Amino acid sequence: MVQRQLIHTRTVDIQVYRRDDELWDVEATLADIKTRDSPLPTGDRKAGDPMHDKLLCLTIDLNFNIVAAQATSRRNPYPGYCETAADAYQRLVGLNLIRGFRKAVKERLGGVQGCTHISELSQFLPTAAVQAFAGEPELQDKMRSLMADPKAPQDDDYHFQFDRCHAMRRDGPLVQLYFPKWFNPARTPSP
């Protein structure tokens, strides 16, 4: 058996909250922790103390439009410098989490325009929000219309996830078993 030694832990935690004003908060944190002391120009970081502790909170409406954004660098390797990028995340306001979001983050906040860690963290938020909405029965029709492929059949039982992941591909065994009406073994997979 190969021996291993834990050196680094990155934790990503995402919570989605329904608010009483019909908006939703998608709150994400990222923490990096080392198992040994780390020398930095700004002073040593002790083992177990976060190297990074970042927070990104987006407030979205029922159409996945971002109406507010807040980023915070609670811990970082260069205090007084890293956290100055937090205000740049206001540029996320007006974007839609499920329509071009990831590309827009790279355009608006890539490289020196933002914090690498907060921008990386943002990439998890679209699917987290979809998962939160998908669990709410009263939002099912809205989800179906927002996520619908315009080229797909306009049928109430056509699942919006068809051909959007490996398991839900229309030529696959899951669709054949659970959604036989929509099974298509001759379908050409999309790239």
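Not measured: the values here are computed from a predicted model. (Residues numbered from 1 in each chain as written. Predicted model: local features only at pLDDT ≥ 70, side-chain atom pairs only at ≥ 80, totals over all residues. Heavy atoms only, no water.)

Peer 1: Help me out: how do you make sense of the packing of aromatic side chains in this one?
Peer 2: The relative placement of two aromatic rings is captured by the distance of their centres and the angle of their planes. Considering all chains together, one arrives at two aromatic pairs under this definition. A ring pair is formed by Trp-24 and Phe-133, whose centres lie 4.7 Å apart and whose planes are at 45°; its orientation type is tilted. Taken as a pair, Trp-24 in strand E2 (residues 24-34) and Phe-133 in helix H3 (residues 125-134) lie far apart in primary sequence, 109 residues in all. Feature note: the residues Trp-24, Phe-64 and Phe-133 constitute an aromatic cluster, connected by ring pairs. (Phe/Tyr/Trp six-rings, centres within 6.5 Å; stacked < 30°, edge-to-face > 60°. Helix = DSSP H or I, 4+ residues; strand = E, 2+ residues; numbered from the N terminus.)

Peer 1: What's the story with the pattern of salt bridges in this structure? I'm lost.
Peer 2: Think of it this way: side chains of opposite charge can pair up when their charged atoms draw near. Applying the stated rule across the entire model yields 10 salt bridges. Arg-19 serves as the salt-bridge partner of Asp-21, at 2.6 Å between the closest nitrogen and oxygen. We classify Asp-21 as partly exposed; its relative accessible area is 37%. With a relative accessible area of 30%, Arg-19 lands in the partly exposed category. What you see here is one network of salt bridges that share partners, running through Arg-10, Asp-32 and Glu-120. (Salt bridge = Lys/Arg side-chain N within 4 Å of Asp/Glu carboxyl O. Buried < 20%, exposed > 50% of the residue type's maximum accessible area, 1.4 Å probe, protein only.)

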